[in-house]
Amino acid sequence: MYTVDQIKHIEWELSTKCNAACPQCVRNHYGGATVKSLPLISVTLDQVKTLVPWDKMSSLEMVYFCGTYGDPIANNELLEICKWIKTHTKAAVALHTNGGLQSPKYWRKLAEHVDWCAFAIDGLADTNHVYRRNVKWHKVIANAKAFIDAGGEAKWDFIVFKHNQHQVDTARQMSKDLGFTQFNYKKTMRFLDKSHNFLDKQPVLDDDQNVEYYLEMPTIDKYINNVGLNLQKIKQQYGNFHTYANLTSITCFANHERKLYIGADGYVFPCGWLADRQYGIDVEQHPDHKKLKLLWQQLGGAHLANLYHTPLQTIVEQTWFQQLESSWTNQDRLERCGAQCGAGTNHIGDQNIDVDYIPKLTMQK
Ligand SMILES: C[S@@+](CC[C@H](N)C(=O)[O-])C[C@H]1O[C@@H](n2cnc3c(N)ncnc32)[C@H](O)[C@@H]1O
Ligand code: SF4
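Computed from a predicted model, the values in this text were never measured in an experiment.

(A) Seen up close, the overall build of the protein. Across its full length, the protein carries 15 helices and 10 strands. A compact globule built from 365 residues would reach a C-alpha radius of gyration of about 21 Å, and the protein, at 20 Å, matches this within 12%. Considering only C-alpha atoms, the protein reaches an extent of 50 × 50 × 40 Å along its principal axes. Put simply, the protein has 365 residues, and 44% of those count as buried. In the protein, once contacts between residues fewer than 6 apart in sequence are set aside, the share between residues at least 24 apart is 72%.

In structure tokens, the structure reads:
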């Protein structure tokens, strides 16, 4: 793996809190109650200042606040954190949000301290809330407008489902009229169960686990993720997905792109795809959840993978990342590594085919 001074891109989850309940997000139970095991925490300005050896990060180009379990705007110190990083490093600062929190006044201020912001707006006034549950579309648009009017660079990310596929072109035009600099549609790869069986619809639950409605895959070809076709081929060749993920050769995307991921709970990974093996209804039933704990046990304790207990340089150059890299060539590997960075799958690339700020998978597959 890389050394700290080679890292170009940090994704930092600034909070596990969120105003929304998106049904395919691991933080909740299919759009219903928040997962009980999830610690609800936010990173502090003080932690940002002290936990990363900024003076050693000579290749750093970007600090990106997105995350796996929460929304960066839910962090009350976000403005100060962005300002501090912009003042004390050369890195660009960017974030990804559902855009529903805070007021236009706040968003005007934020525009001064970030290089760009991607707003996750999956539809228009009558559909955005079908996936972005609890988010008010008019509020998001008012916030985005304030951000843009104050000079902020805004990108509109639109995840396509059956219920909003007819609105993609209208939303693209609206994004231009409002002054967004980009419009990206996303072909979600999340219509899968934990054994990588392909589902064409998924239930959306209320807080008491009753089915309220179903989310369905888009039906227009260009919005459908190829993951289904790929999985069919893999299953024909290997019998099942688990066998493939455990045998395929792995070329780590994060290593290739010099990326690092930090969770709000302090755990450090090459990418967020591993962070999401920690908490979640299906996640906690998956063999990877136990395997991750076992890897940390073999390492000498989970604290050796956690920034709140171990210096970043040690985690990256001496302990956890070394162990993780060794696991890719033996049976200790996490299935997730095989699934995301195995030779026969390109889930990340296909989902983000139209998303220009995500590096294209240039590695040979
Ligand atoms: C947990 S969110 C964190 C940031 C913020 N809360 C948000 O939703 O944009 C991580 C990323 O997953 C994306 N995401 C959420 N649901 C998705 C889905 N069904 N398919 C693909 N990406 C999804 C979000 O838009 C965001 O880019
Ligand atoms: S807005 Fe982001 S963090 Fe919040 S529930 Fe949706 S995907 Fe998850």
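(B) Structural view of the site of ligand 1. Lining the immediate surroundings of ligand 1 are 16 residues, of which Q24, D71, A120, T188 and R190 lie closest. Its residues assigned to classes, the shell around ligand 1 shows 6 nonpolar, 7 polar and 3 charged.

(C) Structural context of helix α2 (residues 78-88). Buried within α2 we find L78, I81, C82 and I85. Seen along its axis, α2 keeps its buried residues to an arc of 95°; they face one direction. Opposite its buried face, α2 presents the exposed residues T87 and H88, each directed more than 90 degrees away. Next to the buried residues of α2 lie α1 (45-51), β2 (62-65) and β3 (92-97).

(D) Here's a closer look at the site of ligand 2. All residues in the neighbourhood of ligand 2 are listed as C18, A20, A21, C22, C25, R27, G70, D71 and N98. Classifying every residue of the shell around ligand 2 gives 5 nonpolar, 2 polar and 2 charged.

(E) Focus on the environment of H29. Of note, H29 is situated in the loop between β1 (9-12) and α1. Considering only alpha carbons, one finds H29 and P218, 189 residues apart in sequence, at a separation of 22 Å. Leave out the neighbours within four places in its chain, and H29 touches V35, L205, Q209 and I281.

(F) Representation of the sheet that holds β2 in the model. Strand order across the open sheet formed by 8 strands is β6-β5-β4-β3-β2-β1-β9-β10, with mixed pairing between neighbours. Looking at the sheet topology across the chains shown, the edges are occupied by β6 (182-186) and β10 (268-269). For β1 and β2, the ladder comprises 3 bridges, and the chain directions are parallel. Looking at the pairing, H9 lines up with M62 of β2.

Parameters at a glance
Starting afresh in each chain, residues are numbered from 1 along the sequence in its written order. To read the labels, note that chains go from A and ligands from 1, taken in the order they are written. Given that this is a predicted model, residues contribute local features only at a pLDDT of at least 70 and side-chain atom pairs are listed and counted only at 80 or more, while totals for whole chains, interfaces and linings are drawn from all residues. Comment: elements are numbered from the N terminus, with helices defined as DSSP H or I runs of at least four residues and strands as E runs of at least two. Here the globule rule reads 2.2 Å times residues to the power 0.38, and the radius of gyration is calculated from C-alpha atoms. With C-beta atoms placed from the backbone, a residue is labelled by how many other C-beta atoms lie within 10 Å of its own: buried for 20 or more, exposed for 12 or fewer, partly exposed between the two. Any two residues are considered in contact once their C-beta atoms, placed from the backbone, lie within 7 Å. The rule is simple: place the C-beta atom from the backbone, and if it lies within 6 Å of a molecule or strand, the residue is near it. Only Asp, Glu, Lys and Arg are considered charged in this grouping, and only Ala, Val, Leu, Ile, Met, Phe, Trp, Tyr, Cys and Pro are considered nonpolar; every other residue, Gly among them, is considered polar. Read the arc as the range of directions from the helix axis to the C-beta atoms. Two strands form a pair only when DSSP identifies at least two bridges running between them.

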